[in-house]
Amino acid sequence: MRFSKIKQNDIANGLGIVMSLWTQGCPHHCKGCFNKETWDFNRGKEFKEQDLNFIIENIDKNNIKRNLSILGGEPLCPKNIDQIINICKVFKEVYPDKLIYIWTGYILEEFNEKQKDILKYINILIDGKFEEKNKNLSIKLRGSSNQRIIDVKKSLEQERVVLLDLEVKTL
Ligand code: SF4
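Residues numbered from 1 in each chain as written. Predicted model: local features only at pLDDT ≥ 70, side-chain atom pairs only at ≥ 80, totals over all residues. Heavy atoms only, no water.

As recorded in an unreviewed UniProt entry, the protein goes by Anaerobic ribonucleoside-triphosphate reductase-activating protein and comes from Romboutsia lituseburensis DSM 797. Recorded under Function (unreviewed entry), the UniProt text for the protein is reproduced unchanged: "Activation of anaerobic ribonucleoside-triphosphate reductase under anaerobic conditions by generation of an organic free radical, using S-adenosylmethionine and reduced flavodoxin as cosubstrates to produce 5'-deoxy-adenosine." UniProt annotates the protein under Sequence similarities (unreviewed entry) with the comment "Belongs to the organic radical-activating enzymes family." (UniProt positions renumbered as here; feature names shortened; annotations may be inferred.)

Structure representation (structure tokens):
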């Protein structure tokens with residue numbers, strides 16, 4: 001898997017401070033995408049063990065408690081999914097109580113079996129492609145109003161899509 005960048009302190013892509021990982025490569029090519037430099041699967045850098053170690057070792061650097069956000073590009077496309085599952089699995093082994101957010105252009109109900117595997121490791125899923133006609137810059141964590149912020153644990157428990165209650169969840 002290749003990645004675009006890791007941002008150690010990000011307040012735009014989570015509720016509270018997160019460390020963010022942008023994967024490289026996106027098959028969706030949404031009209032009006034604000035992150036076109038992540039489309040090309042050949043750009044960016046190869047994600048290596050040292051990058052995962054960097055995330056693990058620096059997630060609380062300077063005593064700042066951070067959660068982890070994974071964006072794209074498309075983290076859950078065939079070229080990226082295996083590495084993303086591994087990152088989430090290892091991260092949760094070390095930090096079971098930290099949250100993992102993932103942004104995807106896919107829709108939860110249409111996930112394939114491998115994509116469903118990621119659900120046991122993550123907490124919040126923002127799903128759906130960016131839709132220019134539904135663009136809204138005033139809504140939290142999303143670029144367009146068709147995208148959903150899903151509480152993954154509750155969704156698995158209740159076997160239905162449960163949206164995150166943003167009023168309750170202040171992290
Ligand atoms: S899924 Fe995200 S990165 Fe990919 S084209 Fe759509 S908005 Fe851009």
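On we go.
Around the ligand, the neighbouring residues are C26, H28, H29, C30, C33, W39, G73 and F130. Looking at side-chain class alone, the shell around the ligand contains five nonpolar, three polar and no charged residues. (Near = heavy atom within 4 Å. Nonpolar A, V, L, I, M, F, W, Y, C, P; charged D, E, K, R; others polar.)

A few words now on the sheet that holds strand β1 (residues 2-10). Strand order across the open sheet formed by seven strands is β3-β1-β2-β4-β5-β6-β7, with mixed pairing between neighbours. The open sheet terminates on both sides in strands that have one partner only, identified here as β3 (45-46) and β7 (148-151). Summarising the sheet, strand β6 (residues 124-127) and β7 pair through four bridges and their orientation is antiparallel. Across the sheet, the residue bridging to L125 is I150, located in β7. Strand contacts of helix α2 (residues 81-94): β2 (18-23), β4 (67-71) and β5 (100-103), with the helix running at about 165° to β5, the strand carrying the most contacts. (Pairing = 2+ DSSP bridges. Helix = DSSP H or I, 4+ residues; strand = E, 2+ residues; numbered from the N terminus. Contact = heavy atoms within 4.5 Å. Axes fitted to C-alpha atoms, helices over the stretch in contact; angles between N-to-C directions.)

This model, assessed by the stated rule, comprises four aromatic pairs. Pairing F34 with F130 gives two aromatic rings, centres 5.6 Å apart and planes at 85°, and the pair type is edge-to-face. Of this pair, F34 sits in the loop between β2 and β3 while F130 sits in the loop between β6 and β7, and the two are 96 residues apart along the sequence. A relative accessible area of 62% places F34 in the exposed class. The class for F130 is buried, based on a relative accessible area of 10%. Aromatic side chains F91 and Y95 sit 5.2 Å apart centroid to centroid with 45° between the ring planes, which places their arrangement in the tilted category. (Phe/Tyr/Trp six-rings, centres within 6.5 Å; stacked < 30°, edge-to-face > 60°. Buried < 20%, exposed > 50% of the residue type's maximum accessible area, 1.4 Å probe, protein only.)

With that out of the way, let us pick up the environment of G72. Here G72 lies in the loop between β4 and α2. The buried category is assigned to G72, whose relative accessible area is 12%. It is 8.0 Å that separates the C-alpha atoms of G72 and N35, two residues lying 37 residues apart in sequence. Not counting the four nearest positions on each side in its chain, G72 is found in contact with W22, T23, N35 and T38.

Turning our attention to the pattern of salt bridges. Considering all chains together, one arrives at 11 salt bridges under this definition. Between E132 and K31 there is a salt bridge, with its nearest N and O atoms 3.1 Å apart. Of this pair, E132 sits in the loop between β6 and β7 while K31 sits in the loop between β2 and β3, and the two are 101 residues apart along the sequence. Since its relative accessible area comes to 38%, E132 is described here as partly exposed. For the salt bridge of D82 with K114, the shortest nitrogen-to-oxygen distance reads 2.8 Å. Pair noted here: D82 is in helix α2 and K114 is in helix α3 (residues 113-117), with a separation of 32 residues, a long-range link. Classification of D82 as partly exposed rests on a relative accessible area of 46%. Overlapping salt bridges bring together D60, K65 and K98 as one network. (Salt bridge = Lys/Arg side-chain N within 4 Å of Asp/Glu carboxyl O.)

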